[in-house]
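Descriptive structure summary
Listed below are the residues making up each chain.
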Amino acid sequence: MTRIKKVVITAYGDESKLAIVESDLPEPTTGEVQLAVDYTIVSGSDVNMRRGTYPLQKKPPLTPGYSVIGKVCVNGKGCSKFKIGDRVACLSKYEGQAELINLPEKYLVRVPDGVDGKAAVALILDWVTAYQMLHRVAHVRPGQKIFVHALSGAVGGALSRLGQLEGSQVFGTASLKKQDEVRQLGAVPFDYSTKKWIAAMQDLGGVDAVFDPLGFESFDESYSVLKKGGVLVGYGMNLPAWTRTRERPVIPSALKLFSKNLLFWSGRRATFFGVNRRSKNFAPDLERLFQWLKDGKISVPIKAAFKLDEIQQAHREYASSARLGSIVIEVR
Ligand SMILES: NC(=O)c1ccc[n+]([C@@H]2O[C@H](COP(=O)([O-])OP(=O)(O)OC[C@H]3O[C@@H](n4cnc5c(N)ncnc54)[C@H](OP(=O)(O)O)[C@@H]3O)[C@@H](O)[C@H]2O)c1
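In what follows, the accompanying structure is described. (Residues numbered from 1 in each chain as written. Predicted model: local features only at pLDDT ≥ 70, side-chain atom pairs only at ≥ 80, totals over all residues.)

Attention now moves to the site of the ligand. Of all residues adjacent to the ligand, which total 29 residues, the nearest are Gly44, Gly153, Val155, Ser175 and Gly236. When contributions to the shell around the ligand are tallied by element, the ones reaching two or more residues are α1 (44–51), α2 (117–137), α3 (154–165) and β9 (169–174). Of the residues that constitute the shell around the ligand, the class distribution is 12 nonpolar, 15 polar and 2 charged. In terms of domain composition, the shell around the ligand takes at least three residues from each of domain 1 (2–111 + 301–330) and domain 2 (125–272). (Near = placed C-beta within 6 Å. Helix = DSSP H or I, 4+ residues; strand = E, 2+ residues; numbered from the N terminus. Nonpolar A, V, L, I, M, F, W, Y, C, P; charged D, E, K, R; others polar. Domains from an automatic or database assignment.)

Below, the structure written as structure tokens:
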């Protein structure tokens with residue numbers, strides 16, 4: 001056992017429900033590796049966990065932290081892939097906001113030397129999600145048009161950058177205050193408080209893919225701007241949280257999304273994406289993004305960085321920030 005500090009969501013609610021506690025971490029079991037965490041993130045997912053709106057989530061008290069970069073400090077029985085001190089990454093989902101974490105060796109991905117840990121930790125969840133939606137679901141090709149909701153978000157920004165790298169033309173939504181920055185990054189933004197983007201995309205003849213983290217009626221609107229052969233990729237149901245309206249059951253919205261595929265004569269399809277570290281493509285896709293970061297092909301905007309015991313501030317920043325990018329927690 002080792003005594004560690006970690007973040008705990010003590011109950012559903014606002015930022016005051018985040019505490020730093022001390023607890024005992026057991027030694028890693030067979031097949032597990034213990035990491036000394038260098039960096040973790042605060043993402044939309046753990047904000048949803050704090051509110052109690054993340055699908056099928058653990059109940060409080062729980063420790064969030066969806067991705068980590070850290071150094072191997074103990075190899076459990078049967079683990080020999082990494083040496084003590086090696087720097088690795090993992091999609092942890094829980095327990096990442098802690099000084100130490102035990103993780104299955106099979107899900108660890110080596111971080112190349114020379115890669116900035118703060119930028120690298122943001123790639124694990126948000127950029128792999130964006131990469132896989134573009135390349136493994138929508139199969140975006142050069143010259144295509146894509147529509148990205150929440151262009152100024154961490155996943156939206158990654159979709160914009162990776163879409164443009166592939167040679168697609170990127171349209172999407174952003175609040176008025178962030179539109180200049182989004183435009184400078186090469187995308188064409190529309191204000192999401194009006195629905196003018198719908199007619200604008202239809203007038204263009206429709207788009208090849210839409211990426212939608214909002215759900216509910218937004219899925220219908222997104223589907224309406226697809227051209228024949230186009231695909232709607234849902235990846236969240238954040239409309240109630242982002243519009244501060246009452247929570248709604250997600251299953252009817254998911255069923256409605258999939259039922260759009262019954263209209264097979266429309267030539268359009270709809271699907272939902274969930275990133276999964278067990279997927280055979282997860283490690284290769286993350287390794288590709290690490291290499292692109294190292295080569296300077298991509299750069300990762302970091303909205304703000306906080307220490308572990310500034311976790312309440314980090315969540316407040318998430319809700320109010322006027323900047324683009326990911327929120328990183330520097331653990332050591
Ligand atoms: N399925 C998966 O595998 C997966 C993986 C990763 C993340 N996610 C989901 O993706 C969501 C987005 O994550 P993120 O980290 O990219 O978000 P984020 O960085 O927190 O960004 C949220 C964005 O939402 C925008 N927004 C607010 N209200 C909006 C509205 N009514 N319409 C359109 N956009 C609105 C904001 O734009 P302004 O700042 O311009 O107001 C902001 O850019 C997460 O909550 C999570 O549920 C899913």
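The next thing to look at is helix α10 (residues 311–320). Residues spaced three or four apart along an α-helix face the same direction, because each turn holds 3.6 residues. Turning to α10, its buried residues number three or more, namely Ile311, Ala314, His315 and Tyr318. End-on, the buried residues of α10 take up no more than an arc of 95°, which puts them together on one face. Relative to its buried face, α10 has exposed residues pointing more than 90 degrees away, namely Ala319 and Ser320. Those residues of α10 that are buried lie in contact with β1 (2–9), β2 (18–25), β3 (32–42), α1, β14 (302–307) and β15 (326–330). (Buried ≥ 20, exposed ≤ 12 C-beta atoms within 10 Å, placed from the backbone. Arc of directions from axis to C-beta. Contact = placed C-beta atoms within 7 Å.)

Attention shifts here to the pairing of β3. Most of β3 is tucked away, with 9 of its 11 residues classed as buried. As judged from the 5 bridges shared by β3 and strand β6 (residues 100–104), these two strands associate in the antiparallel manner. Bridged to Ala36 within β6 is Leu100. The pairing of β3 with strand β4 (residues 67–75) spans 7 bridges and is antiparallel. Each residue of the ladder has a partner; that of Val37, found in β4, is Gly70. Here 4 bridges tie β3 to β15, and the two strands are oriented antiparallel to one another. Paired with Tyr39 across the strands is Glu330, a residue of β15. (Pairing = 2+ DSSP bridges.)

What follows covers the packing of α2 against helix α9 (residues 282–295). Relative to each other, α2 and α9 sit at 120°, their axes nearing to 9 Å. With respect to α9, the axis of α2 lies oblique. Of the two elements, α2 crosses α9, and the hand of that crossing is right-handed. Seen from α2, the contacting residues are Ala119, Ala120, Leu123, Ile124, Trp127, Val128, Tyr131 and Gln132; seen from α9, they are Phe282, Asp285, Leu286, Leu289, Phe290 and Leu293. For the contact of α2 with α9, a count of residues per class yields 12 nonpolar, 1 polar and 1 charged. (Axes fitted to C-alpha atoms, helices over the stretch in contact; angles between N-to-C directions. Parallel < 35°, antiparallel > 145°, perpendicular 65-115°, else oblique. Left-handed = near helix turned anticlockwise from the far one by under 90°.)

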